[in-house]
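Breakdown of the fold
Each chain, written out:
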Amino acid sequence: MTIAILDFGSQFSQLIARRVREAGVYCELFPWDAPPDRVTAIMPNGIILSGGPNSVYDAGAPHLQPYIIEAAVPVLGICYGMHLLAHALGGQVTGSNKREYGQAQVQMLPSELLPGAIANQPASTEDMALSVWMSHGDNVTRLPPGFESIAQSANAPISGMVDRARKLYAIQFHPEVNHTQHGREIISNFVHEICGCDASWSPGNIVEQSIKRIKQQVGARQVICGLSGGVDSSVAAALVHRAIGDQLTCVFVDTGMMRKGEGDQVIETFRQNLGIRLIAINASEDFLSALHNVSDPEAKRTIIGEKFVRTFESVLDSEIGAQSDSDWQTSTDQTSKQFLLCQGTLYPDVIESRGPERQSAAKIKTHHNVGGLPANMRFELLEPLRFLFKDEVRNIGLELGLPDDIVWRQPFPGPGLAVRCLGNITWERLERLRAADAIMQEEFARENLLRTTSQAFVVLLPVRSVGVMGDGRTYAEVCAIRAVTTDDFMTADWARIPYDVLARVSSRIVNEVPGINRVTYDITSKPPGTIEWE
Ligand code: XMP
């Protein structure tokens, strides 16, 4: 049972998908103009139309493709999605240059979306006052034939509407954001009560379905999986191992850019605890010499991405079985490739969003597990997590028996410390960064701050500063502590870490790490900053 979500460019489209999955229902997100047969191929039991930045009257604005109504499944239009339904079905949408943005009160009549008697309301009220999140300019000012109004607010007399016969529902506000009271309930009611989906999207089922899919794709071939120590590649490896056992060989490449103790932990967990075949290679000299004198962030990423794949290929040559050159056809026919490369790519990385303002979105960074693979790879890709969100990945990690400290590990970029060691990368500077980062991790862990922040790490800066230690002058490197909170890593706020924790981290780094004499705390949110410094 599935739900299709059409993305009209709202910043919250992925959040809608997460809420539907949280309600235990599988869903996929499509660009608004996806070919109809791609959407209908998943046989959706309902369709959700996201919000978006446009007015239905804008030239070239995204429109409602006829198949959506013709599919005769329940539809929920949110914000712009509501305007589209009204506009397409004979109602009236009125433009306004006054945007209503932020918290608002709506009066909502009981309906299938939110039956009466909700919490915190006097039992006698016929309609319910909800505090909701609004973000719109246009309003629906006349209902289309067959619809009745189910909600109103001071600024939008028609804030919700329903055509029960065709099961078409629409609301002006955003049920997917946390700021909307009973938002999760509205989405859950839509998918369960209105669309009739059961809550079968559970970790156990995801594992079962993934195993089936993996077996189908792999057949009798061999899979190689690069482990980075992060949660995504770890869960991907554990899942693939559950599906195909010894056809999987994991490779842990010590690039020299891992955090302190990371290599040992990966080897222990996978080889000793999970019994997975694991080849560990120390390639740090090789990576370091390729990065010699490279300080441009994108160049670092490209070099590392390419090196990773070439390293796997050489492992295949040397360790997994001699292959004659003719076996290594760089054919474009994927299934003719003898080996698969497993990657922990997640759904947010593969969603093509087609919001009008995103078509020309500037490229900020290449995340190398998506963009940086060489075109002439000798592998077919196996991406068992490509339809999953991070929270789902963590849940199936637990289901598969991975230890808490891997499952709850904060994300770590593929290029590792290379993008946190600003400027030239040398072994000495990496060791400095590793030592400083280990101190920060230890102090944050003591205060449970690694669970309450989304990502926390140290960055080594390409500057030196003057200091005084004992009675002597120092002229040494500077590091920055970066700690952020975020739901989706697209936007982030800097974490308000207690001063005494920062003080302890700073004092320990300066005293215990030779070569660093100054510690700063990064108080930039994203945007305008990014989470990593490079
Ligand atoms: P930014 O710095 O773009 O980071 O705000 C967002 C999230 O992505 C991670 N990140 C990467 N992950 N390869 C990765 O696998 C990369 O090149 C890369 N760069 C950033 C970053 O750690 C954060 O979680």
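Values in this document were obtained by computation on a predicted structure and should not be read as measured data. Sequence order as written defines the numbering, with residues in each chain counted from 1. Whole-chain, interface and lining totals are the exception, using all residues; otherwise, since this is a predicted model, local features are given only for residues with pLDDT of at least 70 and side-chain atom pairs are given and counted only at 80 or more. Water and hydrogen atoms were dropped before computing side-chain values, which therefore reflect all heavy atoms in the structure.

1. Re the overall build of the protein
Just so we agree on the cut-off: The helix and strand labels rest on DSSP assignments: H or I over at least four residues marks a helix, E over at least two residues marks a strand, and numbering proceeds from the N terminus. Only the C-alpha atoms count toward the radius of gyration. The rule for a globule is 2.2 Å times the residue count to the power 0.38. The rule is simple: take the accessible area with a 1.4 Å probe, protein chains only, and divide by the maximum for that residue type; under 20% is buried, over 50% is exposed, in between is partly exposed. Contacts are assigned to residue pairs that have any heavy atoms within 4.5 Å of one another.
A count of helices and strands for the protein gives 17 helices and 20 strands. The globule rule puts the C-alpha radius of gyration for 534 residues at 24 Å, and the 26 Å found for the protein is close to it. Oriented by its inertia axes, the alpha-carbon framework of the protein measures out at about 75 × 65 × 45 Å. Classification of the 534 residues of the protein by burial places 55% in the buried group. Once local pairs closer than 6 in sequence are excluded, the contacts in the protein between residues at least 24 apart make up 75%.

2. Section: helix H8 (residues 262–273)
Counted only if it meets this: A helix is expected to span 1.5 Å multiplied by its residue count minus one.
Taking 1.5 Å of rise per residue, the twelve residues of H8 would be expected to cover 16 Å, and the 16 Å separating its terminal C-alpha atoms lies within 8% of that figure. Downstream of H8 by a residue or two, glycine 275 has a phi angle that is positive, lying close to 65 degrees.

3. Side note on the pattern of salt bridges
Quick reminder of the rule: Salt bridges, as used here, are contacts in which a Lys or Arg side-chain nitrogen is within 4 Å of a carboxyl oxygen on Asp or Glu.
A full pass over the atoms with the stated rule returns 29 salt bridges. Between glutamate 442 and arginine 446 there is a salt bridge, with its nearest N and O atoms 3.8 Å apart. Of this pair, glutamate 442 and arginine 446 both sit in helix H15 (residues 427–446), four residues apart, which is roughly one turn of that helix. Exposure remark for glutamate 442: the relative accessible area of 42% places this residue in the partly exposed category. Arginine 446 sits in the exposed class, given a relative accessible area of 53%.

4. Things to note about the packing of aromatic side chains
To keep it simple, the criterion reads: Working definition: rings of Phe, Tyr and Trp (its six-membered ring) pair if their centres are within 6.5 Å, and the pair is stacked with planes under 30 degrees apart, edge-to-face with planes over 60 apart, and tilted otherwise.
In the structure shown here, the tally under the stated rule is eight aromatic pairs. Ring geometry for tyrosine 26 against tryptophan 201: centres 4.6 Å apart, planes inclined by 55 degrees, an arrangement best described as tilted. Taken as a pair, tyrosine 26 in strand S2 (residues 26–31) and tryptophan 201 in the loop between helix H5 (183–194) and helix H6 (203–218) lie far apart in primary sequence, 175 residues in all. On the basis of relative accessibility, which here comes to 11%, the residue tyrosine 26 falls in the buried class.

5. A short note on the side chain of glutamine 410
The following threshold applies: Two N or O atoms count as a polar contact when they lie within 3.5 Å, although within protein this holds only if one can serve as hydrogen donor and the other as acceptor, and sequence-adjacent residues are included solely when both atoms are side-chain atoms.
Among the structural elements, glutamine 410 can be located in the loop between helix H14 (404–407) and H15. Using a relative accessible area of 10% as the deciding quantity, one classes glutamine 410 as buried. Among the polar contacts made by the side chain of glutamine 410, one reaches the side chain of threonine 453 at a distance of 3.1 Å. The residues touching glutamine 410, leaving out its near neighbours within four places in the chain, are Arg259, Arg394, Leu449, Leu450, Thr453, Ser454, Gln455 and Ala456.

6. Some points on the nonpolar core
Stated precisely, the cut-off is as follows: We define a nonpolar core as any set of buried Ala, Val, Leu, Ile, Met, Phe, Trp, Tyr and Cys residues linked to one another through side-chain atoms lying within 4.5 Å.
Ranked by internal contacts, the top residues of the largest apolar core, which has 47 residues, are Ile224, Met257, Phe312, Phe379, Phe444, Ile497 and Ile509. When near neighbours in sequence (up to four residues on either side) are disregarded, phenylalanine 312 contacts Ile224, Gly226, Val251, Val253, Leu341 and Phe379. Within the second largest apolar cluster, 40 residues are counted, among which are Ala236, Ala238, Met258 and Ile267.

7. A look at the pairing of strand S9 (residues 148–153)
Counted only if it meets this: Strand pairing is assigned whenever DSSP identifies at least 2 bridges connecting the two strands.
The pairing of strand S6 (residues 100–108) with S9 spans three bridges and is antiparallel. Across the sheet, the residue bridging to methionine 108 is alanine 151, located in S9. Of the strand pairs in this sheet, S9 and strand S10 (residues 160–163) are connected by three bridges, and their pairing is antiparallel. Bridging from a neighbouring strand, alanine 151 pairs with glycine 160 of S10.

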